[in-house]
Amino acid sequence: MSGFSTARQKMVDGQVRPSDVTDFRIIDAMLAVPRETFVPENKRALAYLDLDLEVGEGGSQKQFLIKPAVLAKMLQAAEIKDTDSVLVVGRDGGYAAAVIGKFAGQIHSATGADGNPAKAPFDVIVLNGATEIVPEKLYGQLRDGGRLVGVFAMSLPQRATIVTRSHDDFGNRALFDAAAPVLPGMERLPAFVF
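Conventions used here
- Residues numbered from 1 in each chain as written.
- Predicted model: local features only at pLDDT ≥ 70, side-chain atom pairs only at ≥ 80, totals over all residues.
- Heavy atoms only, no water.
- Helix = DSSP H or I, 4+ residues; strand = E, 2+ residues; numbered from the N terminus.
- Rg over C-alpha atoms; globule rule 2.2 N^0.38 Å.
- Buried < 20%, exposed > 50% of the residue type's maximum accessible area, 1.4 Å probe, protein only.
- Contact = heavy atoms within 4.5 Å.
- Areas by Shrake-Rupley, 256 points an atom, 1.4 Å probe, with all protein chains shown as cover.
- Axes fitted to C-alpha atoms, helices over the stretch in contact; angles between N-to-C directions.
- Left-handed = near helix turned anticlockwise from the far one by under 90°.
- Nonpolar A, V, L, I, M, F, W, Y, C, P; charged D, E, K, R; others polar.
- Pairing = 2+ DSSP bridges.
- Arc of directions from axis to C-beta.
- Polar contact = N/O pair within 3.5 Å; in protein donor to acceptor, adjacent residues only side chain to side chain.

**Details of the overall build of the protein**
Argument step 1. The helix and strand tally for the protein stands at five helices and eight strands.
Argument step 2. Against the compact-globule benchmark of 16 Å for 194 residues, the protein has a radius of gyration of 16 Å, which places it among compact chains.
Argument step 3. Principal axes of the C-alpha set define a box for the protein whose edges measure 50 × 45 × 30 Å.
Argument step 4. By residue count, 47% of the 194 residues in the protein fall in the buried class.
Argument step 5. Long-range contacts, defined as pairs at least 24 residues apart, comprise 50% of the intrachain contacts of the protein with a sequence gap of at least 6.
Argument step 6. Carbon together with sulfur atoms contributes 52% to the accessible area of the protein, which is approximately 9500 Å² in total.

Structure (structure tokens):
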């Protein structure tokens, strides 16, 4: 076993499984996808640590890989089927999409709160990070019965949340406390205070 494949196994055994992730499709996908290939060369040694890892090459829009256990728990809650069309929202360089691609029907990606209306509707939308606003445009891209999962940072503590669409109604349920970097375009607008 190479150093990275050993680290990948330890990530799954030490972070993902102890977080009550029991869906073997997610576990197998996380064991199969080499996380280090989505990380700049100078940060590859950090690829399997339990942290939100900045992977961008500079620029104004930061890119992160969110913690492996947070991603795995959100995917488990989304109950993605092999026939589902899934939209991954975020700028992570493709890791989340690569993992989901191992067990979902179709994968699409988008970098911000506008989503991907041309490919909508989606069975599942995964926010690969946090939102400080209600992502109404994304809600509108869910198919009836569709689910959106992500970290909602409108208040403290931040919580991973699942939103389910039933016709034009959107019900949400907090899943677990979690923190993640806020996605570009999903930041709260600064309020002017006297």
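Still more to cover.
**A word on the packing of helix α1 (residues 3-16) against helix α2 (residues 24-32)**
Argument step 1. Close contact between α1 and α2 brings their axes to 8 Å; oriented N to C, the two are set at 145°. In this structure, α1 meets α2 at a crossing whose hand is right-handed. For the pair α1 and α2, the contacting residues are Arg-8, Gln-9, Met-11, Val-12 and Val-16 in the first and Ile-27, Met-30, Leu-31 and Ala-32 in the second.
Argument step 2. The residue makeup of the contact of α1 with α2, split by class, is seven nonpolar, one polar and one charged.

**Remarks on the environment of Leu-71**
Argument step 1. Its place among the elements puts Leu-71 in helix α3 (residues 68-78).
Argument step 2. A C-alpha to C-alpha distance of 9.7 Å links Leu-71 and Val-99, two positions 28 residues apart in sequence.
Argument step 3. Here Leu-71 is in contact with Met-30, Ile-66, Tyr-95, Ala-96 and Asn-128, once residues within four sequence places are set aside.

**Some remarks on the pairing of strand β5 (residues 122-131)**
Argument step 1. Counting buried residues in β5 gives ten out of ten residues, a clear majority hidden from the surface.
Argument step 2. Bridge analysis of strand β3 (residues 85-89) against β5 gives four bridges, and the strand direction is parallel. Among the inter-strand pairings, Val-86 is bridged to a residue of β5, identified as Val-124.
Argument step 3. Relative to strand β6 (residues 142-152), β5 runs parallel, the two being bridged by six bridges. Bridging from a neighbouring strand, Ile-125 pairs with Leu-148 of β6.

**Comments concerning α2**
Argument step 1. Of all the positions in α2, only Ile-26, Ile-27, Ala-29 and Met-30 are classed as buried. Along the long axis of α2, the arc covered by the buried residues comes to 165°, so they all point the same way.
Argument step 2. Buried residues along α2 sit against α1, α3 and α4 (95-100).
Argument step 3. In this structure Asp-23 caps α2, since a side-chain oxygen of it lies 2.9 Å from the backbone nitrogen of Arg-25.

**Digging into unusual backbone geometry**
A negative phi holds for most residues other than glycine; trans holds for most peptide bonds.
Argument step 1. Looking along the chain, the bond that leaves Ala-120 and enters Pro-121 is cis, with omega of 5°.
Argument step 2. Here Pro-121 is to be found in the loop between β4 (106-110) and β5.
Argument step 3. For the bond running from Leu-156 to Pro-157, omega is -5°, close enough to zero to count as cis.
Argument step 4. Here Pro-157 shows up in the loop between β6 and β7 (159-166).
Argument step 5. Even without glycine at this site, Glu-79 takes up a positive phi of about 50°.

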